[in-house]
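Remarks on the overall topology
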Amino acid sequence: MIFYKRKLFWALVGIPNLVAGAYLFFLASPVYVSQAQLVVYQESGGNSKTLSLGKKRGGTSLEGDYLLSTYLHSMQAFSHLNQDQLKREWSSGFGVMDYGGLFQGFRRDPETLWHYYRDSVRYHIDPNSAVLTLRVQGYSPSFPQHLAQQLLNMGQDHLSRLSTAVYEKALKYDQHLVQQQQTALEQAIYRLADYQKKIGILSLSAQNKSRLQVLGELSVKRAELQAEQAVYQSHEPKNPQTTALAEEIAQIDGQIAQMRNPSQGSNALVRYSREYNLRKTAVVNAEKLLMEDEKSLLETREHLLSHEYVLSYISPPYRPVVPTLPHRLWDFLWILGITFIVYLIVK
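Bear in mind the structure is a predicted one, so any value in this text is a computation, not a measurement. (Residues numbered from 1 in each chain as written. Predicted model: local features only at pLDDT ≥ 70, side-chain atom pairs only at ≥ 80, totals over all residues. Heavy atoms only, no water.)

Side note on the overall build of the protein
Here is the rule we go by: Only DSSP runs of H or I covering at least 4 residues are called helices, and only runs of E covering at least 2 are called strands; the numbering of each starts at the N terminus. Note on contacts: a residue pair qualifies if any of its non-hydrogen atoms lie within 4.5 Å across the two residues. Only the protein chains shown count as cover for residues, and the accessible areas themselves come from Shrake-Rupley with a 1.4 Å probe.
Within the protein one finds 10 helices and 7 strands. Contacts in the protein between residues far apart in sequence, at least 24 positions, make up 76% of those at least 6 positions apart. With the model as given, the accessible surface of the protein reaches about 21600 Å², and the carbon-plus-sulfur share is 58%.

Dropping the structure here:
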């Protein structure tokens, strides 16, 4: 008997292919797909940019791509979308492949919508080029493009929060150190000022310099008086002026001796110098530490601004002009081939 006259043939091949053909060529809703291709890179150090495909510790790093793709398929991203809009758009098909249709068991609960979302939002990462391809499908030309762009914008915000989380903690820590060091510097300055007030000396180095200057002036004055005295002694040894000059020289010698006496001013400087230098050194060290902490804070702020994940589009989401699915002819030929093979096996 000719095969197309057999009931088994019509049961396994004829009727299924007639139904499939009628659905594919006349009833199946067109599916539009919007595609975007991008690279996720992380800025580093000023204006230089390190792509996520850059070498890191001897291996290929794709962390930016994987972080973004994980977020796109996460419940966090799904929960931020307009659920009513998703239901309305994805249930506008013929009732077979769409949300709540035959292949969904006619269920319209949140779990079904979640699984349909993951099936309708697909991505692929090329490990060689680090190019991430995002494909979003829907039953109207504008919906896939809108949803793809919305997801990528949300992904950019999510990656920015991730990349700054660690640096924000470091920034708070550095700000705390700067505040502590500012307080320490103020306290060191106050302690030095109190000690200067106590000893009545603004600066030991200036005080010592002033003392040496006075000694020099007295020595010059003494030499001038001695020269004048020598003239009088040579020509008028009994002149009363000679005696007056001798007394004035003696007074200067007394002043010089007093200033050079360890028990007087010099010893006072030595006595004050240790405590004064300790307090002065504390101020200098506090200034240095504050400058280092402020430098560290500045670097942390620069890292906070520069080490962020950035989405660089090779091709942004576009509005599809013609439907991508279903592949009517190829799908029908596949169904025809599979059913005919089943028929040959069964007969």
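Here we look at the pattern of salt bridges
Heads up, the condition is: A side-chain nitrogen of Lys or Arg and a carboxyl oxygen of Asp or Glu constitute a salt bridge if their distance falls within 4 Å. For each residue, the accessible area found with a 1.4 Å probe, counting protein chains only, is set against the maximum for its type, and the residue is called buried under 20%, exposed over 50%, and partly exposed in between.
Enumeration over the complete set of coordinates arrives at 1 salt bridge. Between Arg 107 and Asp 109 there is a salt bridge, with the nearest N and O atoms lying 3.9 Å from each other. Among the residues examined, Arg 107 registers a relative accessible area of 46% and is labelled partly exposed.

Section: the nonpolar core
Our working definition: For the purposes of this section, nonpolar cores are sets of buried Ala, Val, Leu, Ile, Met, Phe, Trp, Tyr and Cys residues that join through side-chain atoms within 4.5 Å.
Core analysis: the biggest nonpolar cluster contains 32 residues, and Leu 68, Leu 86, Trp 90, Tyr 117, Leu 134 and Leu 147 have the highest contact counts within it. When residues of this core are assigned to their parent elements, the largest contribution, 7 residues, is made by helix H6 (residues 142–199). Dropping the residues within four chain positions of it, Leu 134 is found in contact with Ser 34, Gln 35, Ala 36, Leu 72, Val 121, Arg 122, Tyr 123, Ala 148 and Leu 152. With 9 residues, the next largest nonpolar core counts Val 178, Val 283, Ala 286 and Leu 297 among its residues.

Thoughts on the environment of Leu 289
Along the chain, the position of Leu 289 falls in helix H9 (residues 265–306). Leu 289 sits in the partly exposed class, given a relative accessible area of 40%. With 112 residues separating them along the chain, Leu 289 and Leu 177 place their C-alpha atoms 9.7 Å apart.

Examining helix H4 (residues 83–90)
Stated precisely, the cut-off is as follows: What the arc measures is the spread of directions leading from the helix axis to the C-beta atoms. Whenever a nitrogen or oxygen atom comes within 3.5 Å of another N or O atom, the pair is scored as a polar contact, on the condition that within protein one atom can donate a hydrogen and the other can accept it, and that pairs from neighbouring residues in sequence are kept only if both atoms are in side chains.
Of all the residues in H4, the buried ones are Leu 86, Glu 89 and Trp 90. For H4, the arc enclosing every buried residue in end-on projection is 85 degrees, short of the 170-degree limit, so these residues lie on one face. H4 presents Asp 84 and Arg 88 as exposed residues on the side facing more than 90 degrees away from its buried surface. With a side-chain oxygen lying 3.1 Å from the backbone nitrogen of Asp 84, the N-terminal cap of H4 falls on Asn 82.

So, a nonpolar patch on the surface
Applicable threshold: Patch definition: residues with relative accessible area over 30% and no salt bridge; like charges joined within 9 Å; nonpolar side chains (Val, Leu, Ile, Met, Phe, Trp, Tyr) joined within 5 Å.
Taken together, Leu 8, Trp 330, Leu 333, Trp 334, Leu 336, Ile 338, Ile 341, Val 342, Ile 345 and Val 346 make up a surface patch of nonpolar side chains, about 1000 Å² in accessible area. Looking at the nonpolar patch element by element, the count peaks at 9 residues for helix H10 (residues 328–346).

Comments concerning the packing of H4 against helix H5 (residues 110–120)
Test applied: Here, axes are lines fitted to C-alpha atoms. For helices the fit covers the stretch in contact, and angles between N-to-C directions go from 0 to 180 degrees. Roughly parallel means an angle under 35 degrees; roughly antiparallel means over 145; roughly perpendicular covers 65 to 115; every other angle is labelled oblique. Note on convention: near helix rotated counterclockwise from far helix by under a right angle means a left-handed crossing. Clockwise means right-handed. Gly falls in the polar group here, along with every residue not listed as nonpolar (Ala, Val, Leu, Ile, Met, Phe, Trp, Tyr, Cys, Pro) or charged (Asp, Glu, Lys, Arg).
Two elements in contact, H4 and H5, have axes separated by 11 Å at closest approach and are oriented at 70 degrees. When the axes of H4 and H5 are compared, the pair comes out roughly perpendicular. The way H4 lies across H5 gives a crossing that is left-handed. On H5, the residues that touch Gln 83, Leu 86, Lys 87 and Trp 90 of H4 are Leu 113, Tyr 116, Tyr 117 and Ser 120. In the contact of H4 with H5, the residues fall into 5 nonpolar, 2 polar and 1 charged.

Quick word on H5
Along H5, the residues that are buried comprise Thr 112, Leu 113, Trp 114, Tyr 116, Tyr 117 and Ser 120. With a side-chain oxygen positioned 3.1 Å from the backbone nitrogen of Glu 111, the residue opening H5 is Asp 109.

Section: unusual backbone geometry
Positive phi outside glycine occurs at Phe 106, with the angle close to 60 degrees. Within the secondary structure, Phe 106 is located in the loop between H4 and H5. With a phi close to 60 degrees, Ala 130 is a non-glycine residue in the positive phi region. Among the structural elements, Ala 130 can be located in the loop between strand E5 (121–125) and strand E6 (132–138).

A look at the side chain of Ser 160
Its place among the elements puts Ser 160 in helix H6. In terms of polar contacts, Ser 160 uses its side chain to reach the backbone carbonyl oxygen of Gln 156, at 2.9 Å. The residues contacting Ser 160, other than those within four sequence positions of it, are Glu 308 and Tyr 309.

Comments concerning the environment of Gln 35
On the secondary structure map, Gln 35 appears in strand E1 (residues 32–43). When the C-alpha positions of Gln 35 and Val 136 are compared, they lie 6.6 Å apart, and in sequence the two are 101 residues distant. Beyond its immediate chain neighbours, meaning those up to four positions away, Gln 35 contacts Thr 133, Leu 134, Arg 135, Ser 315, Pro 316, Pro 317 and Tyr 318. At a separation of 3.1 Å, a polar atom in the side chain of Gln 35 contacts the side chain of Arg 135.

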